[in-house]
Amino acid sequence: MVSFLNNYSLFACVVMLICSCSQKQERVMTPYGSVLDSVIVTEDFDLQQIQTSGDMIMATVSGPQTYYDYHGKSLGTQYLICQRLADSLGVRLRVDVCRDSAELVGRQQAGDADLIAYPSPGHIEAGNDKPVLAAELKVWNRPSRVDEARQQEHDLLTVRKVRRRIFSPMLDAKGGIISHYDHLFMTHSRTVRWDWRLMAAQCYQESTFDPRAVSFAGAKGLMQIMPGTADHLGLSRDKLYDPESNIAAAAKYIAELQQAFSDIRDHYERTNFVLASYNGGAHHIRDAMALARRDGRNPHRWSDVSTYVLRLAQPQYYNDPIVKHGYMRGSETVDYVAKIRQRHAGYQGVKSPHMGFHPSQPRKADKRKNKYDL
């Protein structure tokens, strides 16, 4: 009899546990791609359960105050506040970007997120039925935290962008030497059919010819290659500061971008789009092209598309349904392309010496025209 009661009690506990939980399908990323996984969700998934799971989910929409990707670095005032809260709790922060505010409200009502960051009036709320997390957030999210997050973002976007030594735009103007790495630009620019001086101009814009340059986002070396991009390109991370390895990887990445924009037939125009994508991301440039096409502008002409790259900083554009990747700090990308083109124009007076040339032994300039001159 006692054994029966014990077994019955155990059975009742199991039934109660099952009833207090639900199962849902959640899409998760694995090394092999995106898959649907069944996960158990308890009705009282609050702060303790978040810390046990090790993940805290923030749902928001794209925007300068909420969340955006900038050179591989996640930014946005509300994101930085949530990230600091996650750090203090010892958990990882996962960001789910919704298409619009209606989807965001739906996520909150369904309890599918732990934190909800609204773009207007700019506040963060805990998800439904999370009173302990809500109390923790109320204590954490005081005005000084907002000021700290804004200052952190300001610093990252201004004076701390790239730690580098500043070198002259030309090593020896009279001798026709742009940098110590001219022979590498000459070698690797051929694989992408670029004028070597254009690659030199891009390198100066990226690092001012400093092979030890490091950006706030973690991009490294002469051509500012991100570690994740290095992995994709097959460049060992311990070679990121090696000049030839870094330039070779950049040429490989440029080749990929040229293929990605192969629908742009004009070589000069395609190069503008490649430069813009190298800086701001091909997905944002494609968004700007879609907007230009919609408005009757030429999506394959940079002078038309650059206008929409700038407009992707405005809510009426980055919230447009045609835009797939949200907010972008487009002014930097437009300026990036313009400065490289301007510097390249200045460098075009430099003739290509023989390929055996090395800066320590300058040779007489070769007067033959480079067939890849742009």
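Let me sum up the structure you'll find in this document. (Residues numbered from 1 in each chain as written. Predicted model: local features only at pLDDT ≥ 70, side-chain atom pairs only at ≥ 80, totals over all residues. Heavy atoms only, no water.)

Counting its regular elements, the protein contains 15 helices and 10 strands. A total of 374 residues make up the protein; the buried ones form 45% of that total. Just so you have it, the protein exposes about 19,400 Å², and 53% of that area is on carbon and sulfur atoms. (Helix = DSSP H or I, 4+ residues; strand = E, 2+ residues; numbered from the N terminus. Buried < 20%, exposed > 50% of the residue type's maximum accessible area, 1.4 Å probe, protein only. Areas by Shrake-Rupley, 256 points an atom, 1.4 Å probe, with all protein chains shown as cover.)

Below, the discussion takes up the pairing of strand β8 (residues 123-126). A one-sided burial pattern is seen for β8, the buried positions being Ile124 and Ala126 and the unburied ones His123 and Glu125. In this structure, strand β7 (residues 115-118) lies alongside β8, joined through 4 bridges in antiparallel fashion. Each bridged residue has a counterpart across the sheet, and for Ala117 the counterpart in β8 is Ile124. From the end of β7 to the start of β8, which pair antiparallel, there are 4 residues, and Gly122 there has a positive phi angle of about 90°. (Pairing = 2+ DSSP bridges.)

Here we take up the environment of Val337. Tracing the chain through its elements places Val337 in helix α15 (residues 330-347). Note on Val337: relative accessible area 2%, which makes it buried. Taking the C-alpha atoms as reference points, Val337 and Asn279, 58 residues apart in sequence, are found 8.6 Å from one another. In this structure Val337 touches Asn272, Leu275, Ala276 and Trp302, once residues within four positions along its chain are discounted. (Contact = heavy atoms within 4.5 Å.)

Moving on: the pattern of salt bridges. Side chains carrying opposite charge are able to pair once their charged atoms draw close together. According to the stated counting rule, one finds 13 salt bridges in the structure shown. Taking the shortest distance from any N to any O, the salt bridge between Glu148 and Arg84 comes out at 2.9 Å. One end of the pair, Glu148, is in helix α6 (residues 143-157); the other, Arg84, is in helix α3 (residues 77-89), and 64 residues separate them in sequence. Residue class for Glu148 comes out partly exposed when judged on its relative accessible area of 35%. Arg84 gets classed as partly exposed once you look at its relative accessible area, which sits at 28%. Measuring nitrogen to oxygen at the nearest pair gives 2.8 Å for the salt bridge that ties Arg301 to Asp304. Judged by relative accessible area, Arg301 falls into the partly exposed class, the value being 38%. Each of Arg94, Asp96 and Arg107 takes part in a single network of salt bridges with overlapping partners. (Salt bridge = Lys/Arg side-chain N within 4 Å of Asp/Glu carboxyl O.)

Summed over all chains, the structure comprises 10 aromatic pairs. With 6.1 Å between their ring centres and 40° between their planes, Phe261 and Phe273 make a pair best called tilted. Residue Phe261 is found in the loop between α10 (243-260) and α11 (267-280), and its partner Phe273 is found in helix α11; the two are separated by 12 residues along the sequence. Here Phe273 falls in the buried class, since its relative accessible area comes to 0%. (Phe/Tyr/Trp six-rings, centres within 6.5 Å; stacked < 30°, edge-to-face > 60°.)

A few words now on the environment of Ser331. Counting through the fold element by element, Ser331 comes out in helix α15. You can call Ser331 partly exposed: its relative accessible area is 48%.

What follows is about helix α5 (residues 131-140). Among all positions in α5, only Leu133, Leu137 and Trp140 are buried. For α5, the arc enclosing every buried residue in end-on projection is 65°, short of the 170-degree limit, so these residues lie on one face. Relative to its buried face, α5 has exposed residues pointing more than 90 degrees away, namely Pro131, Lys138 and Val139. Against the buried residues of α5 lie α2 (47-53), β3 (55-61), α3, β7, β8 and α6. (Arc of directions from axis to C-beta.)

In this structure, Phe185 and Met223 are the most contacted members of the largest nonpolar core, which totals 55 residues. Breaking this core down by element, the ones donating at least two residues are α7 (182-189), α8 (196-207), α9 (227-233), α10, α11, α12 (282-294), α13 (302-311) and α15. With 7 residues, the top contributor of residues to this core is α8. Not counting the four nearest positions on each side in its chain, Phe185 is found in contact with Ser179, Trp196, Met199, Ala200, Cys203, Phe209 and Ile247. (Core = buried A, V, L, I, M, F, W, Y, C linked by side-chain atoms within 4.5 Å.)

Right, let's talk about the packing of α7 against α8 for a bit. The geometry of α7 relative to α8 is characterised by a closest axis approach of 8 Å and an angle of 120° between their N-to-C directions. Classified by the angle between their axes, α7 and α8 sit oblique to one another. Here α7 runs over α8; the crossing is right-handed. Counting all contacts with α7, which are made through Asp182, Phe185, Met186 and Ser189, the residues of α8 involved are Trp196, Met199, Ala200 and Cys203. (Axes fitted to C-alpha atoms, helices over the stretch in contact; angles between N-to-C directions. Parallel < 35°, antiparallel > 145°, perpendicular 65-115°, else oblique. Left-handed = near helix turned anticlockwise from the far one by under 90°.)

Next up on the list: α11. With 14 residues, α11 ought to run about 20 Å at 1.5 Å a step, and its terminal C-alpha atoms sit 20 Å apart, in line with that. Within α11, 12 of the 14 residues are buried, leaving the element largely enclosed by the surrounding structure. All of the buried residues in α11 are Glu269, Arg270, Thr271, Asn272, Phe273, Val274, Leu275, Ala276, Ser277, Tyr278, Asn279 and Gly280. Close packing links the buried residues of α11 with α8, α10, α12, α13 and α15. Looking at where α11 begins, the residue whose side-chain oxygen comes 3.2 Å from the main-chain nitrogen of Tyr268 is Asp266. Looking one or two residues beyond α11, the residue adopting positive phi is Gly281, at roughly 100°. (Expected span 1.5 Å × (residues − 1). Polar contact = N/O pair within 3.5 Å; in protein donor to acceptor, adjacent residues only side chain to side chain.)

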